[in-house]
Amino acid sequence: MRQITGLARVLILCLFASLSHQCIATEGPRQRSVVVLEEADFRSPFYSEIFSGIRAAAKQNGKAHTVIYGESLDLARFPGPDYEESLVDHLKTKYARRPIDAIVSIGVASAKFLQQRKQQIWPGAPVVYGFVPDLPETRALFLPDSTAVFARVRPAHLLTAARAIVPDLTRVVLVGDAWKNPLVYGYWKQDFAAAMPDLEVTDLSGLVLREVRERVASLPDRSAILTSAMYSDGEGTYYAPASALARVAETANRPIVITSDTFLGRSGVGGFLLLPEIIGRETGEVAMRILNGEAPSSIPPVTGNNVKPIFDWRQLQHWNVDEANLPPGSEVRFREASFWQQYYWHSTVVAGVVLVQALLITGLLHQRRLRFLAEIEARQRMSELAHLNRRATVGEMSASIAHELSQPLAAIMINAEAAREVLRHSTPDLGEVGNILDNIRHDDQRASEVIARLRMFLKRDPTERRELDLNATVGEVFRFLSVQALTHDVGLATEPAPADIRVKADKVQLQQAILNLVVNAMDAVAHLPDERRRIVGRTSLVDGKQAVVSIADAGDGILADKLTEIFKPFFTTKAQGMGIGLSIARTIVEAHGGRIWAENAPTGGAVFHISLPLAA
Ligand code: ADP
């Protein structure tokens, strides 16, 4: 242990002192101490902010480590010499071993206390006065080794604020116990009268809070309430000034002008507000200059920049105050962003999305309408084309139709002549004549049927879907083409399904599609030897839910790579062909929710199938 050097001893000492401020103090610059005497209670927001300001100023003073002590003298609530004497004893005892390098005195009451008592407690310490008005009465309180930073809301300030809020102001109502303080507010009523000779002043200061609340509830128009801090009311009940103000505001029917920013947001509209943090900062900065060696007498008292016009936006709205009336340089707090400001980006994005969506929907609707019109157009064209197709078919069949008609007509002629012969007899056989007339009628019916079929086939009705039996429909087409088949020496046969097959279709259109297939099949076998000149039309039910018509021929079939191409419009391999028969058939079938396709039969020849959904 004897070998421990002096430096190590210092280190160990520092360690035992747990790196405390004392250790740093012994090794660093000398520690300075400031005591802050606040006239009221540190716990009130106003005085607490002043203290924070002083501490902030001390922190920025890099020259010396400064210890700040704070004392709430609470002189408003505990007035009288006995309490002051007890304070002197208390402070003397408390600071006996703590030398004080400067005193910061906050408020007029504290200045008064020091004037009377400082000599007994800190005789040598210089004083910086803060939060005092620049009035001869307060300057008279200042001790010799001192300086000051003034802070004061002037009467003119209050009136300017009150008139900004109530432009046609005729009356001010004073609320708050502090208005009774003669040193701060002693001449205010005179000052008001000087600034506005017509102004009426209702002084409610010093009344009990209950009464104040009642009185402010029914104030006349064109009046404004001016408030100073209210710590206690006439009954000796003590308040935090901000809560006292809030209670007054609850019943007040007129706007309240306030004097401190700690009251803002508690239902005061605003006014020229004391800024306690800045008051503290300004006073603290002067105290630091003194600690750094400047003589207080060399620092003249100054008016701080610690009062600012500030207003509560929500209250301005409530009282319909035009912001343009506010004093120049006013700050407006608690402004609520409008919906547009708050949600600018959200709204823009949503509006953009909605716009794009609206455009898309409009575009889609437009396209849908175009498609709808195009579909109507296509259907009409298809119907026209189908009609033309039918007429062309009838044109081709005219020879066989003429043949079909000529038979009954010839029979009618023969029967008519036979009847005439019978009637020439003196006793004609009337029974015979009756038979002949029956035959004539029968042949006439046959001819009428041919014409009716032709007419129906050429009909140009609007699409009309009805439930029909596929077996009967196919049978009719085959019957219609039977004469033409006979002419070309082609055998037509049907193989209907054993039971009815019900589908919902436009009969004329469906027969057109089937007819096109049969006519093509007749073309395909026309040049072939007799045994291959046959066409079979079958109907069947597939999987119990699809009705199928198949037209099979024994021709040469279709080239495998053309099995789908043949359905395209204008595809033809015939010298006189138009290439629209299959295309029309496909359009008709697909419009009925069905399908059409071709294949080559293993035994040779082509088979065309039409499948249709069964009627529900
Ligand atoms: P077109 O009969 O005027 O040529 P279609 O559209 O009816 O027009 O037929 C298109 C083509 O399909 C025909 O030219 C032919 O090559 C082919 N085709 C149609 N039916 C058959 C069939 N039963 N056998 C062989 N080829 C066929």
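The structure displayed is predicted, hence computed values, not measured ones.

Asker: Please clarify how helix α19 (residues 507–525) should be interpreted in this entry.
Answerer: If you check α19, its first and last C-alpha atoms are 27 Å apart, about what 19 residues at 1.5 Å a residue would give, namely 27 Å. By the criterion of burial, α19 is predominantly enclosed, with 15 of the 19 residues buried. Where α19 starts, the residue carrying a side-chain oxygen 3.2 Å from the main-chain nitrogen of V508 turns out to be D506.

Asker: Even after reading the chapter, I still don't get a nonpolar patch on the surface, so can you show me in this structure?
Answerer: Together, L370, F372, L373 and I376 make up an exposed nonpolar region whose accessible area comes to about 350 Å². Assessed through its relative accessible area of 46%, L370 is described here as partly exposed.

Asker: So what exactly am I meant to see when it comes to the packing of aromatic side chains here?
Answerer: Counted by the stated rule, this structure contains 11 aromatic pairs. A centroid spacing of 5.5 Å and a plane angle of 65° characterise the contact between Y95 and W122, whose relative ring orientation is edge-to-face. Of this pair, Y95 sits in the loop between α4 (81–94) and β3 (102–106) while W122 sits in the loop between α5 (108–121) and β4 (127–132); the two residues are 27 residues apart in sequence, bridging distant segments of the chain. Judged on exposure class, the residue Y95 and its partner W122 are both buried. Between F142 and F150, the ring centres sit 6.1 Å apart and the planes meet at 20°, which makes this aromatic pair stacked. With respect to burial, F142 and F150 carry one shared label: buried. Taken together, the ring pairs in this structure connect F46, Y47 and F131 into an aromatic cluster. The ring of F334 carries R314 above its face, with NZ or CZ at 4.2 Å from the centroid. A cation sits over an aromatic face here: R595 above W597, 4.1 Å from the ring centre.

Asker: Can you help me understand the pairing of strand β2 (residues 66–72) in this one?
Answerer: Each regular strand displays side chains that alternate between the two surfaces of the sheet. Burial within β2 is extensive, with five of its seven residues counted as buried. Note that strand β1 (residues 32–38) and β2 share seven bridges and pair parallel. Of the residues in β2, the one forming a bridge with V36 is G70.

Asker: Mind showing me how you'd approach the packing of α19 against helix α20 (residues 581–591) here?
Answerer: How two helices pack is summed up by the angle between their axes together with the distance between the axes. As a packed pair, α19 and α20 sit with axes 9 Å apart at the nearest point and diverge in direction by 150°. As for how α19 packs across α20, the hand of that crossing is left-handed. Every residue of α20 that contacts α19 at Q509, L510, Q512, A513, N516, L517 and N520 is listed here: G581, L582, I584, A585, I588 and V589. Taken together, the residues of the contact of α19 with α20 sort by class into eight nonpolar, five polar and no charged.

Asker: Please explain the sheet that holds strand β20 (residues 606–613) as it appears in this structure.
Answerer: Consider a sheet: its strands pair through backbone hydrogen bonds, and that pairing is either parallel or antiparallel. The strand order β15-β17-β18-β20-β19 describes an open sheet built from five strands, whose pairing is mixed. Taken across any chain shown, the strands that pair with only one partner, and hence form the sheet edges, are β15 (491–495) and β19 (595–600). When strand polarity is set aside, the average angle formed by the axes of neighbouring strands in this sheet is 15°. Pairing of β19 with β20 involves six bridges; the strand directions are antiparallel. Residue pairing across strands places I596 opposite I610, the latter belonging to β20. Against the sheet, α19 contacts β15, β17 (534–542), β18 (546–553), β19 and β20, and its axis sits at roughly 25° relative to β18.

Asker: Mind showing me how you'd approach the side chain of S583 here?
Answerer: Following the sequence through the fold, S583 ends up in helix α20. By relative accessible area, S583 is classed as buried at 11%. Leaving out residues up to four positions away in the same chain, S583 has contacts with F567, K568 and P569.

Asker: In this structure, what is going on with the site of the ligand? I would like to understand it.
Answerer: With respect to spatial proximity, 19 residues lie near the ligand, and among them N520, D553, T572, T573 and K574 are the closest. Between the ligand and K574, the relevant distance is 2.6 Å, taken from an oxygen atom to a side-chain nitrogen or oxygen of the residue. The separation between an oxygen atom of the ligand and a polar main-chain atom of L582 is 2.9 Å. Elements supplying a minimum of two residues to the shell around the ligand: α19, α20 and β20. Of the residues forming the shell around the ligand, the biggest block, three residues, is contributed by α19. Residue composition of the shell around the ligand, grouped by class: 10 nonpolar, seven polar and two charged.

Asker: Please explain the packing of helix α3 (residues 45–60) against helix α12 (residues 276–291) as it appears in this structure.
Answerer: Remark: α3 packs on α12, axes separated minimally by 6 Å, with the N-to-C direction vectors making an angle of 40°. When the axes of α3 and α12 are compared, the pair comes out oblique. At the point where α3 passes α12, the crossing takes the right-handed sense. Residues F46, E49, I50, S52, G53, I54, A56, A57, A58 and Q60 of α3 touch α12, and the partners they reach there are P276, E277, I279, G280, R281, G284, E285 and M288. For the contact of α3 with α12, the residue count by class is nine nonpolar, five polar and four charged.

Thresholds, definitions, all that
- Residues numbered from 1 in each chain as written.
- Predicted model: local features only at pLDDT ≥ 70, side-chain atom pairs only at ≥ 80, totals over all residues.
- Heavy atoms only, no water.
- Helix = DSSP H or I, 4+ residues; strand = E, 2+ residues; numbered from the N terminus.
- Expected span 1.5 Å × (residues − 1).
- Buried < 20%, exposed > 50% of the residue type's maximum accessible area, 1.4 Å probe, protein only.
- Polar contact = N/O pair within 3.5 Å; in protein donor to acceptor, adjacent residues only side chain to side chain.
- Patch = residues over 30% accessible without salt bridge, like charges linked within 9 Å, V, L, I, M, F, W, Y side chains within 5 Å.
- Areas by Shrake-Rupley, 256 points an atom, 1.4 Å probe, with all protein chains shown as cover.
- Salt bridge = Lys/Arg side-chain N within 4 Å of Asp/Glu carboxyl O.
- Phe/Tyr/Trp six-rings, centres within 6.5 Å; stacked < 30°, edge-to-face > 60°.
- Lys NZ or Arg CZ within 6 Å of the ring centre and 35° of its normal.
- Pairing = 2+ DSSP bridges.
- Axes fitted to C-alpha atoms, helices over the stretch in contact; angles between N-to-C directions.
- Left-handed = near helix turned anticlockwise from the far one by under 90°.
- Contact = heavy atoms within 4.5 Å.
- Nonpolar A, V, L, I, M, F, W, Y, C, P; charged D, E, K, R; others polar.
- Near = heavy atom within 4 Å.
- Parallel < 35°, antiparallel > 145°, perpendicular 65-115°, else oblique.

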